[in-house]
2 protein chains.
Amino acid sequence: MSLLIVGTVAFDEVETPYGKSGKILGGAATYIGLAASQYTKEINLVSVVGGDFPQEHKDLLKKYSINTDGLKVIPEGKTFFWAGKYHKNMNNRDTLVTDLNVLADFDPILPEGYKTSKYLMLGNLTPAIQRRVIEQMTERPKLICMDTMNFWMNIALDDLLGVLKMIDVLTINDEEAQQLSGENNVVLAAEKILTMGPKFLIVKKGEHGALLFADGKMFHAAAMPLNAVVDPTGAGDTFAGGFMGYIAKTQDISFENMKKALIHASAMASFTVEKFGTDRLTEINEADVKTRIKDFYNLVSFEI
Amino acid sequence: MSLLIVGTVAFDEVETPYGKSGKILGGAATYIGLAASQYTKEINLVSVVGGDFPQEHKDLLKKYSINTDGLKVIPEGKTFFWAGKYHKNMNNRDTLVTDLNVLADFDPILPEGYKTSKYLMLGNLTPAIQRRVIEQMTERPKLICMDTMNFWMNIALDDLLGVLKMIDVLTINDEEAQQLSGENNVVLAAEKILTMGPKFLIVKKGEHGALLFADGKMFHAAAMPLNAVVDPTGAGDTFAGGFMGYIAKTQDISFENMKKALIHASAMASFTVEKFGTDRLTEINEADVKTRIKDFYNLVSFEI
């Protein structure tokens, strides 16, 4: 079923111990869309780019069944640009450049055909923009998932708390869960956040996997230990894209099915980090995904 | 089958955000023994204490089927004492006191009946002592598992590398695996360490679980997210005790069975941290363990 994705489409420039990427296609919505495209061919994208955004990138998105009718182009503007450098242990990174450019005035306008999308993934953006997207939907999506970050907790907490009441699934990392809840303990943090609106909470722990919480239930998805993490950029967005893509494909929003979605999310993220940018995501096929899912099964499964 | 445990028996004094323990029974061999006693009733302990070690602690060990013939008492000496304080997030701790006392001159002498123990768990001690224990065995144990720490990598690396060639399973934490191998990546670190002697490597990641590596195979055991970690002291030792206790009970040293042993190890560790010191370990019974194992199963299991 149709999945609407709202988020950044950007240029990234990344340096890691494995090398330099040069200026490449990036952005949350890009990673979400490419990951989701492994599961559904009805993907609607809402974002904004400048006149410098090349046709080849647009063609790539279309090739992966991503409808770009909602990708606004501002010819006189420049595309959002982020540059960063990862340190040796890959857990810390320095942001070198953040040029918002056309993103600074982004006001998402949903094409008519998008307004009845059954599933909605709100990439990390200002809470005000996330709200305006939800308000344009003429039918309440079956599931709304939202990503956010500590930055919005610092400067737009009231707006953020407002949007939390409108969504179903929140994905944040462990430090953000602590900040949002004021609780150091992840179980207590989850209990508190689940009183703020979302019925499901996904706490992303990077190389340590992810936890899904809902209504007294808990599930842990391990991350796949890899012998080379070449570029972690976009892993969290890919995770969200794998999650929502799997949900849109299976049309089942039960906790049991979300567990599987979390494994697919982890699998897609494990691909992304194996190469720079979107290189790995645009290489893999259904068989690769199937094999990786089996690897995850073998990684954690035991009999009692 | 018989399990020989060599390690510290000590007094601990712990402060955590949940309170102060006062001076309580501690030590690696204590936690290892109590955890293993859930699985086997043939436990041989080798350690040393001072004249200040009370009969009630000895009685407790005996109550849990731990043979204390190898617990040397030095009447004029004092028992090893450690005091520490955990910070709010429980991941960091300050050591306030380390009085080695009788441990400083510890020379483990194995009682005759211990020398044919089928399984051997070497708690964290100087590599020289660990070696002397192995050398006293008249029959090579079916499995030798060893714990160590960064301290010995810093001051006794050659000794440590020597003992590594004599053992089967090494348990260390992720930072120690990095230090020992010189590799930041855990998969590469494991590959390197597995060329140093051990056929199996367990990398303990605290609240993030543990990884088992052997011969191209990999298994991840999640840690149970708990709503209150009251006192993390002894969690790693309890983990080792649960692991080796389960192995001694099942007498199966295959990778498949070690996966289950790792889950039992995690389960026992999850109990220990729920109360101060050994309080929780001396409360639980077989039914509690069974329930907790089921909780671990539900935490990570999914169908594909």
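Residues numbered from 1 in each chain as written. Chains lettered and ligands numbered in written order. Predicted model: local features only at pLDDT ≥ 70, side-chain atom pairs only at ≥ 80, totals over all residues.

Novice: Can you help me understand the overall build of chain A in this one?
Specialist: A count of helices and strands for chain A gives ten helices and 13 strands. Relative to the globule expectation of 19 Å for 304 residues, the C-alpha radius of gyration of chain A, 18 Å, shows essentially globular dimensions. With the principal axes as the frame, chain A shows a C-alpha extent of 60 × 45 × 35 Å. Per-residue burial for chain A yields a buried fraction of 48% across its 304 residues. A sequence separation of at least 24 residues applies to 67% of the contacts in chain A between residues at least 6 apart. (Helix = DSSP H or I, 4+ residues; strand = E, 2+ residues; numbered from the N terminus. Rg over C-alpha atoms; globule rule 2.2 N^0.38 Å. Buried ≥ 20, exposed ≤ 12 C-beta atoms within 10 Å, placed from the backbone. Contact = placed C-beta atoms within 7 Å.)

Novice: Can you help me understand the sheet that holds strand E10 (residues 169–173) of chain B in this one?
Specialist: All names here are of chain B. In space, the nine strands of this open sheet follow the order E5-E4-E1-E8-E9-E10-E11-E12-E13, with mixed pairing throughout. On the outer flanks of this sheet lie strand E5 (66–74) and strand E13 (217–221), each paired with one strand and no other. Each strand axis lies, on average, 15 degrees off the axis of its neighbour in the sheet, ignoring direction. Contacts between helix H2 (residues 55–63) and the sheet are confined to strand E4 (43–50) and E5, with E5 contributing the most and set at about 155 degrees to the helix. (Pairing = 2+ DSSP bridges. Axes fitted to C-alpha atoms, helices over the stretch in contact; angles between N-to-C directions.)

Novice: Teacher, can you tell me more about unusual backbone geometry here?
Specialist: Where the residue is not glycine, phi is negative for most of them; where a peptide bond is considered, it is trans in most cases. In this structure, Ser65(A) is a non-glycine residue whose phi angle is positive, near 60 degrees. You can see Ser65(A) is positioned in the loop between helix H2 (55–63) and strand E5 (66–74). Residue Ser65(A) is classed as partly exposed on the basis of its 13 C-beta neighbours within 10 Å. The phi dihedral of Gln251(B) falls on the positive side, at around 55 degrees, and the residue is not glycine. The residue Gln251(B) is located in the loop between helix H8 (235–250) and helix H9 (255–272) in this model. Overall, Gln251(B) belongs to the partly exposed group, with 13 C-beta atoms counted inside 10 Å.

Novice: Just checking my understanding: could you explain the sheet that holds strand E7 (residues 93–99) of chain B for this structure?
Specialist: Whenever strands of a sheet pair, they do so through backbone hydrogen bonds, lying parallel or antiparallel. Residues and elements named next belong to chain B. The four strands lie next to each other as E3-E2-E6-E7, forming an open sheet whose pairing is mixed. Looking at strand neighbours, the two that pair on one side only are strand E3 (19–26) and E7, the edges of this open sheet. Adjacent strand axes in the sheet meet at a mean angle of 15 degrees, parallel and antiparallel pairs treated alike. Relative to strand E6 (residues 81–86), strand E2 (residues 10–16) is paired through five bridges, and the arrangement is parallel. Looking at the pairing, glutamate 13 lines up with alanine 83 of E6.

Novice: When you look at the relation of the copies chain B and chain A in this model, what are you seeing that I'm missing?
Specialist: Between the two copies of the chain lies a relationship made up of a rotation around an axis and a movement along it. Between chain B and chain A, which share one sequence, the superposing operator has a rotation angle of 180 degrees and an axial displacement of 0.0 Å; the RMSD is 0.0 Å. Taken together, the rotation and translation relating the two chain copies correspond to the operation of a two-fold axis. Of the interface residues in chain B, 100% have counterparts in chain A that sit at the interface too, so the contact is made through matching surfaces. (Least-squares fit on C-alpha atoms with pLDDT ≥ 70 in both.)

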